[in-house]
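Analysis of the macromolecular model
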Amino acid sequence: MNLYTYQTKLTMPILLFVFFLGNIDWGQCQESLAKERIISAFTGRVPQEWGESVGGIKTRLNTDQKVLALTFDACVGPRSLSYDAKLIQYLEAEKIPATLFISGRWVDANPEIFKKLSGNPLLEIENHGLNHKPCSTIGRSVYGIKGTKSVGEIYDEIELNALKILNLTDRKPKYYRPGTAYSDEICVEIANALGVEVVNFSVRGDAGATYSKKQVKEALWNAPPSSIILMHMNHPESETAEGVIEAIPELKKRGFRFVKLSEYGLR
Ligand SMILES: [Zn+2]
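Here is a short report on the structure shown in this document. (Residues numbered from 1 in each chain as written. Predicted model: local features only at pLDDT ≥ 70, side-chain atom pairs only at ≥ 80, totals over all residues. Heavy atoms only, no water.)

Left-over empty space is what a probe sized like a water molecule reveals as it rolls over the atoms. Roughly 610 Å³ of internal volume is contained in the largest pocket. Only strand S5 (145-146) and strand S9 (228-232) provide two or more residues apiece to the lining of the largest pocket. Taken together, the residues of the lining of the largest pocket break down into 11 nonpolar, 11 polar and 9 charged. (1 Å grid on protein atoms, 1.4 Å probe; cavity = no way out; pocket = protein on both sides within 12 Å on 5 of 7 lines; lining within 4 Å. Points joined across faces, edges and corners; volume = space filled by probe spheres on them. Helix = DSSP H or I, 4+ residues; strand = E, 2+ residues; numbered from the N terminus. Nonpolar A, V, L, I, M, F, W, Y, C, P; charged D, E, K, R; others polar.)

Here the focus is helix H8 (residues 213-221). Looking only at H8, the buried set comprises Val216, Lys217, Ala219 and Leu220. Down the axis of H8, the smallest arc covering the buried residues is 160°, so these residues share one side. Each element contacted by the buried residues of H8 is listed here: strand S1 (67-74), strand S8 (203-204), S9 and helix H9 (240-253). (Buried < 20%, exposed > 50% of the residue type's maximum accessible area, 1.4 Å probe, protein only. Arc of directions from axis to C-beta. Contact = heavy atoms within 4.5 Å.)

Here the focus is the coordination of the zinc ion. Of the protein atoms, only Cys75 (SG), His128 (NE2) and His132 (NE2) coordinate the zinc ion, at distances of 2.1 to 2.2 Å. Motif for the zinc ion, donor spacing along one chain: C-x52-H-x3-H. Of this pair, cysteine 75 sits in the loop between S1 and helix H3 (85-94) while histidine 132 sits in the loop between strand S3 (123-127) and strand S4 (141-142), and the two are 57 residues apart along the sequence. What makes histidine 132 buried here is its relative accessible area of 7%. (Donors = N, O, S within 2.8 Å, 3.2 Å for Na, K, Ca; no water.)

Below, the structure is given as structure tokens:
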């Protein structure tokens with residue numbers, strides 16, 4: 001074998017190896033390792049609780065000050081990938097901070113609106129699940145909506161939406177609210193292991209965007225200090241915006257201030 005042939009024989013495998021390394025998606029590789037770690041830590045655990053306020057879920061701001069957290073969900077449903085522009089325009093005009101829990105499906109359906117919302121420092125973007133599934137380790141359902149069926153599915157529901165939001169906003173959500181707000185306590189532990197807190201609510205502000213303007217207003221007026229109020233931003237046909245618009249001036253007169261969840265932390 002002459003030197004030229006020898007070099008060629010050696011160079012080709014090295015070039016192929018370098019080409020192979022260059023084509024590995026290292027981010028995806030790390031993510032699948034993280035998923036395996038979560039699956040092996042939690043698979044086989046049997047959940048004891050199921051509902052909106054299972055062990056470990058946060059429902060209040062961690063303060064006794066006269067503050068309220070308005071939270072608006074962008075869910076997924078047959079008629080519910082829309083956007084309540086009137087509601088958000090009011091918050092922007094009045095400079096009212098709020099926290100938005102956004103599902104992955106809603107992001108996909110409203111890319112331009114999502115971009116605009118995430119660029120607004122008044123608004124905090126948080127995680128409402130990739131496919132808006134109730135967060136179950138064993139496939140439980142609620143309101144006819146099928147929940148996740150395994151630890152791996154819970155990982156995808158939480159983490160794939162977190163990564164979607166991270167890619168679009170350069171910020172990874174700190175908080176997760178399950179689709180329908182239902183979960184078991186293992187889901188909460190999995191979320192915590194992924195570095196996020198699970199947040200539901202202490203006041204039902206619009207009951208799935210079904211309340212009348214008057215009911216929304218009364219729910220807000222009756223909210224005690226440090227409440228986390230759950231409402232919706234994906235039902236422009238509802239009376240949620242009207243109720244909020246009527247409630248806020250009176251709440252301000254009573255000395256209430258509105259804050260994002262991250263301002264005080266949660267309990
Ligand atoms: Zn929802």
